[in-house]
Structures are given as structure tokens and as C-alpha cells.
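Listed here are the chains, written in short residue letters.
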Amino acid sequence: MALSKLPLCCVFFLLYISFFISSQALSSKIAVAQIKDQQDNEPFVGINIGEDVSNLMSATELVSFLQFQKVTHIKLYDAEPDILKALAKTKIRVIISVPNNQLLAIGSSNTTAASWIGKNVVAYYPQTVITAIAVGDEVLTTVPSSAPLLMPAIESLYNALVAENLHNQIKISTPHSASIILDSFPPSQSFFNQSWISVIQPLLHFLSRTGSPLMMNFYPYYVFMQNKGVVPLDNSLFKPLTPSKEMVDPNTLLHYTNVLDAMVDAAYFSMKNMNFTDVVVLVTESGWPSKGDSKEPYATIDNADTYNSNLIKHVLDRTGTPLHPEITSSVYLYELFNEDLRSPPVSEANWGLFYANATPVYLLHVSGSGTFLANDTTNQTYCIVMDGVDSKTLQAALDWVCGPGRANCSEIQPGENCYQPNNVKNHASYAFDSYYQKEGRASGSCDFKGIAMTTTTDPSHGSCIFPGSKKITNKARTVVNTTNPGNAAGGSRLISFKSCRMSAVDKALQTLLTVIFSILLHIPCMMS
């Protein structure tokens, strides 16, 4: 029967049912999206703080320094009481650790575990925002004799948190070396070292049950050093790549532009092979040394600057990985200070962003990626053509950027300052930079289908001054890096509906529609 033949009340009734169902479906989608926003779309960059430093500043000075540098998340290798006390009311989120030499006592006694929680957590929380406890550090590979104690220690500490009703606020996990994963490339063929399955299996069950992250220490530096000639340096440093230089997983056909993403996906595939798909990867260590001995020629300031700068931008760009583009792992940089008291090789003492006196080892290039690490004073990047791009592709991009892209290309016209050298690569670099600066150096404005890259080296030459070197008043876009306190450790499950509640607007709308419907029920709804 045609809708026009129905009385008004029946029309309202049908509209109500249709609208209510639609609104519920929309509410459900919004709720799921909000959950994913809380869990996956708020990645952060934290930093590790080692204390093998001569003349280390006091805890109060350290916390003031962290606040000045806009650091929001830190990880300690112990539970230093002075630091935890100084962190009170700062909102800086901290992962505390159980040193390996305490595993025996905690893993053997529930009373000792409860005492540890009381002394190192309850005494400071919530004034000090403790988000997670890292139980040991690379236990399986550095102190394998303590491996049988790892899960008992984790369970005992968790039970102590439950007793204090803190188990939903503070997650528990243990950081692993990347070496527990075998055949890490291609990622789809990765699997956990079978000799540790007796520990890894119950650990993953625990992480899945408690919504805690799998903590992994991932160092593309070591992957590169161990596979020179196989893994290109550019792939290790997050440098932009032409499609021909991307690493391809032959089983999934997923393309990898950097080593870290491949390592993260290797962890996801390894968990999937054991039927775990709801545990998030949290990268608890990653970095690049700025100095090494003669056997470590790639431990340089330039490479360390490039890796850490690009890593920060990669995380805050929230692009995820090829396997999980919807999930971006948070990362803790290794590390804040050069630990000059560390034993050789030379690189061991040179992973820090700062010296002990708080002066930077190098200046990161992270402008436009929020306010994290205020030692970034460069704020000067340029967009240029990548090497190895064919002239036909370049010409097409040049035509677009000087046409629909509305870049100022007047300087590359005949007779103007940037016309020479007269080739498409030179002209395209100038035009790309013009567009990039016009867009405020926004993320994605220096790509042009993968043929452009950003650089901190001024490409100006002779009388040709690139737009990035001219006084431009465009404001760079700021990516605000907010974090959810309840998920500060990055440890929520991939899929959870515990927070799926109808919003206040949805409730009000449903109430209003119900009232209307009740009124309609009192109106005779009969066919004319």
C-alpha cells in the first residue's frame, strides 16, 4: 500500500520505527569508532630514562626538564622513589619496572609482590600517574635462568593490584628483545622462538585476559647492522622510498617502507600464529646511537637525528602498519640521556638525545609534529624530488602543482632566478617546495604519489632561493598529541565493548521519540 494512503498517525509510526532503528545503528557505529579512537588513534611517543649517568640531575630538576621538553610519557628501569615523588601532580605518565634481580623474590612470594606494589605503586598513585609495570627486561634472552619465574612474578603483582582495585588502571607486561621472534621478514612467516613457548603462551593468555600490551624492544639499527647489503639504510631510517625500493611480503603483497613497521607486523603475525589477535604491540624501546667505534660506522649524529626525527613523525602521523593501518603502536625512545657509565662498545653510551647537563646531542627535526621535545629549533624543512624518478612522472606532477595545485611557479619560468638548470627535476623540486610551504608544511603535502621527500638541507643555489628559505608567514599545522589516561600504557585490547554506552544525545533523542510514539498510540490509527 502506498505511504500516501495511510493516516498521519501511521506515517508517524513508520517514520519513528525507521528513524529509531537508523539512530541505533548510527549510535552503534559511533560507539565502535569512539572505542577505536580511545584504543588505537591516540599513539604517543614516550622516552626511556636510564640512570647510568655521571652527575645525573636531581629528581626535581629531571621532572622540570621533562616538563620543559613537553614529555608526556616516560619509562623507568626501576621504581626510583625520588623520581616518583617528584612526578606527583605533573600528569606525566610513567611505566615503572621490576629489575631482573628482583624477579626471584617477587616470583616466589605473593607477600613480597604485595609489598612491592604497596611500596612502589600505592604509595604514589594516583598523584603520580603510573600507567604500567614492566616486569623485568628482556628476561628470556638476557637472564634465561629466570624465565620460569617470569609468569609467577607477573601473576603475583597482578593479584596485588586486584587487591588494591588498581588492576584496571595499571597494566602489567614484560619487555622482550626482538630476537624472540624468528624469521622476522617477511612478517607473514614470523613466529616466536619455540624454545620459549612455555612462557610466551601463558603470557599471551594473561595479556589478552587483562587487556595489557605485548612490550617489545625494536631496533632497526641492529637489523641493519646484522643484515648489511640486504636491508638498505634508507629503509631503516624511515627515509622516503620509491616503490621499487619498498620491501614486499610475497605472501600478503603488503609493501613496507620502513623496518620498524615490518618488525611490529612480525609480532602481530607471531601472535596470530598462536591464535591471539586482541593484544596490542607497545614498542618499549627504539632508537639509534649517535656515536660508535670503528666497527659501527653508521652510529652517527646524522643517522640518529634522522631515525628519531622520522620515528616521532611516523608515530604522530598515525598511519599504522601495512597489516594494521588502523593501529599505530606507541613508542618509547631509547633514551633521554647518554649513559656515559655504560660498558663498551662505544655506542652503548651514546643513545641519548641529551647529555647529562641537559644540552642536546643533536637537534631533532620534528617541527609540525606537536610540541614534543622542545629542543627542536630547526622549524625549517623543504620538499624536493626524490632520486630515481622518471621525467614523465615528474612532468605530470609539475603540471599539476603549477596548475590545479596553485603553487607559485613564476621563479622557474625562462629568464627567472630558478630557471637554470633547465631540467624537469630542478623545476619540480622548486614547485614542490612552493606547494609544501603554501600548505604550511602540512602532513601529506610533500608526497605527490611517493616521488617527493622532505629535507632539512636548503636546496637553494646561486640566486635561486627556494620558498622555504624566504620569509613565509604561513603557520605550520600543529598535530595535537592527546592521550587517554585510561589507556596511557597503550595496553587496551583491539576490540572491546566494555565502554560501549549510549551517548547523552542518543538517550535524549530516544526519550523524545518514545514520548511522541506514546501520544500517537492514543490517536485512532484506522484505515480511511
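Procedures and definitions
Residues numbered from 1 in each chain as written. Predicted model: local features only at pLDDT ≥ 70, side-chain atom pairs only at ≥ 80, totals over all residues. Heavy atoms only, no water. UniProt positions renumbered as here; feature names shortened; annotations may be inferred. Axes fitted to C-alpha atoms, helices over the stretch in contact; angles between N-to-C directions. Helix = DSSP H or I, 4+ residues; strand = E, 2+ residues; numbered from the N terminus. Parallel < 35°, antiparallel > 145°, perpendicular 65-115°, else oblique. Left-handed = near helix turned anticlockwise from the far one by under 90°. Contact = heavy atoms within 4.5 Å. Expected span 1.5 Å × (residues − 1). Buried < 20%, exposed > 50% of the residue type's maximum accessible area, 1.4 Å probe, protein only. Pairing = 2+ DSSP bridges. Phe/Tyr/Trp six-rings, centres within 6.5 Å; stacked < 30°, edge-to-face > 60°. Polar contact = N/O pair within 3.5 Å; in protein donor to acceptor, adjacent residues only side chain to side chain. pLDDT = per-residue confidence, 0-100. 1 Å grid on protein atoms, 1.4 Å probe; cavity = no way out; pocket = protein on both sides within 12 Å on 5 of 7 lines; lining within 4 Å. Points joined across faces, edges and corners; volume = space filled by probe spheres on them. Nonpolar A, V, L, I, M, F, W, Y, C, P; charged D, E, K, R; others polar. Salt bridge = Lys/Arg side-chain N within 4 Å of Asp/Glu carboxyl O.

Going by what an unreviewed UniProt entry lists, the chain is known as glucan endo-1,3-beta-D-glucosidase and is assigned to Populus euphratica. Entered under Sequence similarities (unreviewed entry) in the UniProt record, the comment concerning the chain runs "Belongs to the glycosyl hydrolase 17 family." In its Subcellular location (unreviewed entry) section, UniProt records this for the chain: "Cell membrane".

J.: Run through the packing of helix H7 (residues 147-163) against helix H8 (residues 197-210), naming residues and quoting values.
T.: Running from N to C, H7 and H8 point in directions that differ by 15°, and their axes come no closer than 10 Å. On the basis of the axis angle, H7 is roughly parallel to H8. Both H7 and H8 take part in a crossing whose hand is left-handed. Counted together, Ala 147, Leu 150, Met 151, Ile 154, Glu 155 and Tyr 158 of H7 and Val 199, Pro 202, Leu 203, Phe 206, Arg 209 and Thr 210 of H8 form the full contact between these two elements.

J.: Mind laying out helix H14 (residues 424-438), listing which residues take part and the relevant values?
T.: The end-to-end C-alpha distance of H14, which contains 15 residues, comes to 21 Å, matching closely the 21 Å that a straight helix rising 1.5 Å per residue would cover. Within H14, 13 of the 15 residues are buried, which leaves the element mostly enclosed by the surrounding structure.

J.: Describe the sheet that holds strand E5 (residues 171-173), listing the residues and the values that go with them.
T.: Paired through their backbone hydrogen bonds, the strands of a sheet run either parallel or antiparallel. The strand order across the open sheet built from 9 strands is E5-E4-E3-E2-E1-E13-E12-E9-E6, with neighbouring strands paired in parallel fashion. The sheet terminates laterally at E5 and strand E6 (176-177), the two strands that pair on one side only. Bridge analysis of strand E2 (residues 73-76) against strand E3 (residues 93-98) gives 3 bridges, and the strand direction is parallel. Bridging from a neighbouring strand, Ile 74 pairs with Val 94 of E3. Here helix H12 (residues 301-316) sits on the sheet and contacts strand E1 (45-49), strand E12 (281-286) and strand E13 (331-333); the angle it forms with E13, its principal contact strand, is near 160°.

J.: A description of the packing of aromatic side chains should follow, citing residues and the corresponding values.
T.: Tallied over the entire structure, the rule returns 21 aromatic pairs. Measuring from centroid to centroid gives 5.2 Å for Tyr 219 and Trp 351, while their planes differ by 70°, and the two rings are edge-to-face. Residue Tyr 219 is located in the loop between strand E9 (214-217) and helix H9 (220-226), and its partner Trp 351 is located in the loop between E13 and strand E14 (382-385); the two are separated by 132 residues in the primary sequence. This pair shows no difference in class: Tyr 219 is buried, exactly as Trp 351 is. On the numbers, 4.1 Å between centres and 10° between planes, the contact of Phe 432 with Phe 448 is stacked. In this pair, Phe 432 is assigned in helix H14 and Phe 448 in the loop between H14 and strand E15 (452-455), connecting sequence segments 16 residues apart. Like Phe 448, Phe 432 is buried. A connected cluster of aromatic rings, assembled from ring pairs, spans Tyr 219, Tyr 221, Tyr 222, Phe 238, Trp 288, Tyr 307, Tyr 334 and Trp 351.

J.: How would you explain the side chain of Thr 210 if you had to name every residue and give the values?
T.: Here Thr 210 is to be found in helix H8. Only 2.8 Å separates the side chain of Thr 210 from the backbone oxygen of Phe 206, close enough to count as a polar contact. Each residue touching Thr 210, except ones within four places of it in the same chain, is listed here: Tyr 158 and Lys 171.

J.: Describe the confidence of the model for the chain, and please don't skip the residues or the numbers.
T.: Considering every residue of the chain, the mean pLDDT works out to 82; 78% of them sit at 70 or more. Low pLDDT, under 50, characterises residues 1-6; the stretch is placed with 8 contacts to residues that sit more than four places away or in other chains. Ignoring residues within four places in sequence, the model shows residues 16-41, a span with pLDDT below 50, making 33 contacts including any to other chains.

J.: Mind laying out unusual backbone geometry, listing which residues take part and the relevant values?
T.: Most of the time, phi is negative for any residue but glycine, and the peptide bond is trans. Each neighbour pair has its own omega, and for Phe 185 with Pro 186 the value is 0°, a cis peptide bond. Its place among the elements puts Pro 186 in the loop between strand E7 (181-182) and strand E8 (191-192). Going from Gln 420 to Pro 421, the amide bond is cis rather than trans, its omega being -5°. Relative to the helices and strands, Pro 421 resides in the loop between helix H13 (391-402) and H14.

J.: Describe the layout of surface pockets, with residues and values.
T.: Sizing a probe to match a water molecule and rolling it over the atoms shows the empty space that remains. Estimates place the volume of the second largest pocket at around 1000 Å³. Secondary structure elements with two or more residues in the lining of the second largest pocket: H9 and helix H11 (259-272). Per-element tally for the lining of the second largest pocket: the top contributor is H11, with 4 residues. The residue makeup of the lining of the second largest pocket, split by class, is 18 nonpolar, 9 polar and 9 charged.

J.: Tell me what's going on with the pattern of salt bridges, and back it up with residues and numbers.
T.: Counting across every chain of the model gives 6 salt bridges. One salt bridge connects Arg 342 with Glu 339, and the closest N-O pair in it is separated by 3.2 Å. With a relative accessible area of 29%, Arg 342 lands in the partly exposed category. Note that Glu 439 and Lys 438 form a salt bridge whose closest N and O atoms lie 2.7 Å from each other. Salt bridges linked by common partners bring Asp 52, Glu 339, Arg 342 and Glu 348 together as one network.

J.: Run through the environment of Trp 116, naming residues and quoting values.
T.: In this structure, Trp 116 sits in helix H5 (residues 110-122). Residue Trp 116 is classed as buried on the basis of its relative accessible area, which comes to 8%. Linking Trp 116 and Gln 102, residues 14 residues apart in sequence, is a C-alpha distance of 10.0 Å. Residues contacting Trp 116, with those up to four places away along its chain left out, are Ala 79, Ile 96, Ser 97, Val 98, Gln 102, Ile 106, Val 121, Ile 133 and Leu 157.

J.: Residues and numbers for the environment of Leu 323, please.
T.: By the element assignment, Leu 323 lies in the loop between H12 and E13. When near neighbours in sequence (up to four residues on either side) are disregarded, Leu 323 contacts Leu 254, Tyr 256, Asp 265, Tyr 268 and Phe 269.

J.: Outline empty space enclosed by the protein, listing residues and values.
T.: All told, the structure shown has 4 cavities of 30 Å³ or more when counted by the stated rule. If you add up the space inside the second largest cavity, you get close to 90 Å³. Lining the second largest cavity are Leu 260, Asp 261, Val 264, Val 283, His 314, Val 315, Gly 320, Thr 321, Thr 328, Ser 329 and Val 331. Of all the elements, H11 adds the most residues to the lining of the second largest cavity, at 3 residues. Of the residues that constitute the lining of the second largest cavity, the class distribution is 5 nonpolar, 5 polar and 1 charged.

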